Amino acid sequence: DNMRRESAKYLTPSIQWKAELPLPMRTKLIDVLCTDAEFDELQANRLVDMVQYARFGAGDTIVSAGEPWPYIVFVLDGALSIDRFNLEIHEGGQLGILEFLGEERIRDSSRVSCKRDGQLAGLPFDALQSLLSSDGHLAFKLLTYLGSYAMTLVTATGRTPKSSRVVELQQAILMRRNSAGG
(Lines give C-alpha, C1' and ligand atoms only; values in the text may rest on other atoms or scores of the structure.)
Protein backbone atom coordinates (compact mmCIF):
# COMPACT_ATOMS: atom_id res chain seq x y z
CA ASP A 1 0.00 0.00 0.00
CA ASN A 2 1.07 3.54 -0.74
CA MET A 3 1.40 4.72 2.88
CA ARG A 4 3.64 1.76 3.77
CA ARG A 5 5.95 2.39 0.77
CA GLU A 6 6.12 6.10 1.60
CA SER A 7 6.99 5.27 5.23
CA ALA A 8 9.68 2.80 4.24
CA LYS A 9 11.84 5.43 2.56
CA TYR A 10 12.26 7.26 5.90
CA LEU A 11 13.25 4.22 7.93
CA THR A 12 16.85 3.91 8.98
CA PRO A 13 18.68 1.61 6.55
CA SER A 14 20.70 0.03 9.39
CA ILE A 15 18.10 -2.74 9.64
CA GLN A 16 15.97 -4.31 6.93
CA TRP A 17 12.23 -3.66 7.40
CA LYS A 18 9.61 -5.96 5.91
CA ALA A 19 6.01 -5.08 5.16
CA GLU A 20 4.29 -7.65 7.38
CA LEU A 21 4.85 -9.35 10.70
CA PRO A 22 5.23 -13.14 10.63
CA LEU A 23 2.09 -14.76 12.05
CA PRO A 24 3.63 -15.77 15.44
CA MET A 25 4.89 -12.19 16.03
CA ARG A 26 1.59 -10.72 14.83
CA THR A 27 -0.30 -12.93 17.30
CA LYS A 28 2.12 -11.97 20.10
CA LEU A 29 1.75 -8.22 19.47
CA ILE A 30 -2.05 -8.46 19.25
CA ASP A 31 -2.08 -10.36 22.54
CA VAL A 32 0.07 -7.68 24.22
CA LEU A 33 -2.16 -4.89 22.90
CA CYS A 34 -5.34 -6.67 24.05
CA THR A 35 -3.97 -7.72 27.44
CA ASP A 36 -1.59 -4.97 28.57
CA ALA A 37 -3.12 -2.02 26.75
CA GLU A 38 -6.77 -3.11 26.84
CA PHE A 39 -7.42 -2.65 23.12
CA ASP A 40 -10.21 -4.77 21.71
CA GLU A 41 -9.25 -7.31 19.05
CA LEU A 42 -10.45 -5.15 16.15
CA GLN A 43 -8.41 -2.15 17.39
CA ALA A 44 -5.32 -4.32 17.98
CA ASN A 45 -5.56 -5.81 14.48
CA ARG A 46 -5.91 -2.35 12.95
CA LEU A 47 -2.76 -1.16 14.75
CA VAL A 48 -0.77 -4.28 13.89
CA ASP A 49 -1.72 -3.86 10.21
CA MET A 50 0.20 -0.55 10.28
CA VAL A 51 3.51 -1.90 11.62
CA GLN A 52 6.55 -3.21 9.81
CA TYR A 53 8.86 -5.96 10.96
CA ALA A 54 12.63 -6.41 11.29
CA ARG A 55 15.03 -9.01 12.64
CA PHE A 56 18.28 -7.88 14.20
CA GLY A 57 21.43 -9.51 15.49
CA ALA A 58 23.52 -8.86 18.57
CA GLY A 59 25.78 -5.89 17.90
CA ASP A 60 23.67 -4.46 15.04
CA THR A 61 23.14 -0.72 15.07
CA ILE A 62 19.48 0.26 14.86
CA VAL A 63 20.20 3.98 14.57
CA SER A 64 23.41 6.01 14.77
CA ALA A 65 23.84 9.41 16.41
CA GLY A 66 22.17 12.16 14.40
CA GLU A 67 20.07 9.84 12.22
CA PRO A 68 16.35 10.57 12.13
CA TRP A 69 14.06 8.32 14.14
CA PRO A 70 10.73 8.34 12.26
CA TYR A 71 9.00 5.40 13.93
CA ILE A 72 7.85 3.88 17.18
CA VAL A 73 9.52 0.53 17.83
CA PHE A 74 8.15 -2.37 19.85
CA VAL A 75 10.76 -4.91 20.99
CA LEU A 76 9.11 -8.25 20.25
CA ASP A 77 12.13 -10.31 21.24
CA GLY A 78 15.71 -9.53 22.24
CA ALA A 79 17.10 -6.34 23.75
CA LEU A 80 18.20 -2.89 22.59
CA SER A 81 20.63 -0.51 24.25
CA ILE A 82 20.54 3.28 24.23
CA ASP A 83 24.26 3.80 24.62
CA ARG A 84 24.25 7.40 25.86
CA PHE A 85 21.97 6.60 28.78
CA ASN A 86 23.37 3.10 29.44
CA LEU A 87 19.75 1.93 29.26
CA GLU A 88 18.45 -1.38 27.93
CA ILE A 89 15.01 -1.93 26.41
CA HIS A 90 13.89 -5.55 26.64
CA GLU A 91 11.03 -7.58 25.18
CA GLY A 92 7.79 -5.66 25.54
CA GLY A 93 9.55 -2.29 25.59
CA GLN A 94 9.03 0.58 23.18
CA LEU A 95 11.07 3.44 21.80
CA GLY A 96 10.14 6.48 19.77
CA ILE A 97 7.02 8.03 21.32
CA LEU A 98 9.04 10.97 22.69
CA GLU A 99 10.48 11.61 19.22
CA PHE A 100 6.97 11.57 17.74
CA LEU A 101 6.01 14.22 20.28
CA GLY A 102 8.95 16.47 19.45
CA GLU A 103 11.73 15.32 21.77
CA GLU A 104 14.97 14.16 20.16
CA ARG A 105 16.29 11.81 22.80
CA ILE A 106 17.28 9.04 20.41
CA ARG A 107 18.77 11.35 17.78
CA ASP A 108 20.80 12.97 20.58
CA SER A 109 22.02 9.55 21.76
CA SER A 110 25.31 8.10 20.64
CA ARG A 111 23.42 5.16 19.07
CA VAL A 112 20.81 2.51 19.65
CA SER A 113 22.25 -0.96 19.28
CA CYS A 114 21.18 -4.57 19.79
CA LYS A 115 22.32 -6.36 22.92
CA ARG A 116 21.14 -9.76 21.66
CA ASP A 117 19.37 -11.21 18.62
CA GLY A 118 15.73 -10.26 18.35
CA GLN A 119 12.79 -8.90 16.42
CA LEU A 120 11.17 -5.47 16.16
CA ALA A 121 7.84 -4.09 15.04
CA GLY A 122 8.03 -0.51 13.78
CA LEU A 123 5.11 1.91 13.52
CA PRO A 124 6.07 4.73 11.12
CA PHE A 125 5.28 8.24 12.37
CA ASP A 126 3.32 9.02 9.22
CA ALA A 127 1.06 6.00 9.88
CA LEU A 128 0.43 7.27 13.41
CA GLN A 129 -0.20 10.77 12.07
CA SER A 130 -2.72 9.30 9.62
CA LEU A 131 -4.40 7.43 12.49
CA LEU A 132 -4.68 10.70 14.43
CA SER A 133 -6.61 12.14 11.49
CA SER A 134 -8.83 9.14 10.81
CA ASP A 135 -9.51 7.74 14.31
CA GLY A 136 -8.61 10.16 17.09
CA HIS A 137 -10.02 7.90 19.82
CA LEU A 138 -7.83 4.92 18.83
CA ALA A 139 -4.80 7.17 18.33
CA PHE A 140 -5.26 8.76 21.77
CA LYS A 141 -5.59 5.34 23.37
CA LEU A 142 -2.36 4.21 21.66
CA LEU A 143 -0.51 7.42 22.61
CA THR A 144 -1.63 7.04 26.22
CA TYR A 145 -0.39 3.45 26.33
CA LEU A 146 2.94 4.34 24.71
CA GLY A 147 3.26 7.51 26.78
CA SER A 148 3.01 5.59 30.05
CA TYR A 149 6.01 3.50 29.03
CA ALA A 150 7.86 6.58 27.74
CA MET A 151 7.44 8.36 31.07
CA THR A 152 9.21 5.41 32.70
CA LEU A 153 12.12 5.93 30.29
CA VAL A 154 12.17 9.68 30.97
CA THR A 155 12.45 8.94 34.68
CA ALA A 156 15.20 6.38 34.06
CA THR A 157 17.26 8.88 32.04
CA GLY A 158 16.79 11.60 34.66
CA ARG A 159 15.89 14.22 32.07
CA THR A 160 12.87 16.50 32.01
CA PRO A 161 10.76 16.58 28.85
CA LYS A 162 11.20 19.79 26.83
CA SER A 163 8.34 19.40 24.39
CA SER A 164 4.95 20.81 25.38
CA ARG A 165 3.37 17.82 23.56
CA VAL A 166 5.13 15.45 25.99
CA VAL A 167 3.96 17.47 28.99
CA GLU A 168 0.39 17.48 27.61
CA LEU A 169 0.52 13.70 27.15
CA GLN A 170 1.84 13.29 30.71
CA GLN A 171 -1.11 15.32 32.00
CA ALA A 172 -3.60 13.32 29.91
CA ILE A 173 -2.16 10.06 31.24
CA LEU A 174 -2.42 11.27 34.83
CA MET A 175 -6.02 12.47 34.31
CA ARG A 176 -6.96 9.11 32.72
CA ARG A 177 -5.37 7.20 35.62
CA ASN A 178 -7.13 9.40 38.18
CA SER A 179 -10.53 9.04 36.47
CA ALA A 180 -10.02 5.26 36.35
CA GLY A 181 -9.41 5.23 40.09
CA GLY A 182 -5.71 4.55 40.14
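The rules behind these values
Residues numbered from 1 in each chain as written. Predicted model: local features only at pLDDT ≥ 70, side-chain atom pairs only at ≥ 80, totals over all residues. Heavy atoms only, no water. Salt bridge = Lys/Arg side-chain N within 4 Å of Asp/Glu carboxyl O. Helix = DSSP H or I, 4+ residues; strand = E, 2+ residues; numbered from the N terminus. Buried < 20%, exposed > 50% of the residue type's maximum accessible area, 1.4 Å probe, protein only. Contact = heavy atoms within 4.5 Å. Axes fitted to C-alpha atoms, helices over the stretch in contact; angles between N-to-C directions. Parallel < 35°, antiparallel > 145°, perpendicular 65-115°, else oblique. Left-handed = near helix turned anticlockwise from the far one by under 90°. Polar contact = N/O pair within 3.5 Å; in protein donor to acceptor, adjacent residues only side chain to side chain. Arc of directions from axis to C-beta.

Caption draft 1: Region of interest: the pattern of salt bridges. Across all of its chains, the model carries three salt bridges by this definition. With its nearest N and O atoms 2.8 Å apart, the salt bridge here joins Lys28 to Glu91. Of this pair, Lys28 sits in helix H2 (residues 23-35) while Glu91 is found in the loop between strand E4 (87-90) and strand E5 (94-95), placing the two residues 63 residues apart along the sequence. Overall, the relative accessible area of 45% leaves Glu91 in the partly exposed class. A salt bridge links Asp135 to Arg46, with the nearest nitrogen and oxygen atoms 2.8 Å apart. With Asp135 in the loop between helix H6 (125-134) and helix H7 (136-157) and Arg46 in helix H3 (residues 41-49), this residue pair connects regions lying 89 residues apart in the sequence. Assessed through its relative accessible area of 23%, Asp135 is described here as partly exposed. Of the residues examined, Arg46 reaches a relative accessible area of 33% and is grouped as partly exposed.

Caption draft 2: Seen up close, the environment of Phe74. Here Phe74 lies in strand E3 (residues 71-82). According to the relative accessible area criterion, Phe74 is buried, its value standing at 7%. In this structure Phe74 touches Leu29, Val51, Gly93, Gln94, Gln119, Leu120, Ala121, Leu123 and Leu146, once residues within four positions along its chain are discounted.

Caption draft 3: The packing of H2 against H3, seen in detail. Between H2 and H3, the least distance of the axes is 9 Å, while the angle of their chain directions is 130°. For the element pair H2 / H3, the angle class is oblique. Crossing geometry of H2 relative to H3 is assigned as right-handed. Packed against H2, whose contacting residues are Arg26, Leu29, Ile30, Leu33 and Cys34, the element H3 presents Glu41, Ala44, Asn45, Leu47, Val48 and Asp49 at the interface.

Caption draft 4: Region of the structure containing the side chain of Gln119. Positionally, Gln119 belongs in strand E6 (residues 111-124). A distance of 2.4 Å separates polar atoms of two side chains, one belonging to Gln119 and the other to Tyr53.

Caption draft 5: Highlighting H3. Those residues of H3 lying buried are Gln43, Ala44, Leu47 and Val48. The arc that holds the buried residues of H3, viewed along the axis, is 130°, so those residues lie on one side. Along H3, exposed side chains directed more than 90 degrees from the buried face belong to Glu41 and Leu42. You can read the cap of H3 off the contacts: a side-chain oxygen lies 3.1 Å from the backbone nitrogen of Leu42, and it is on Asp40.

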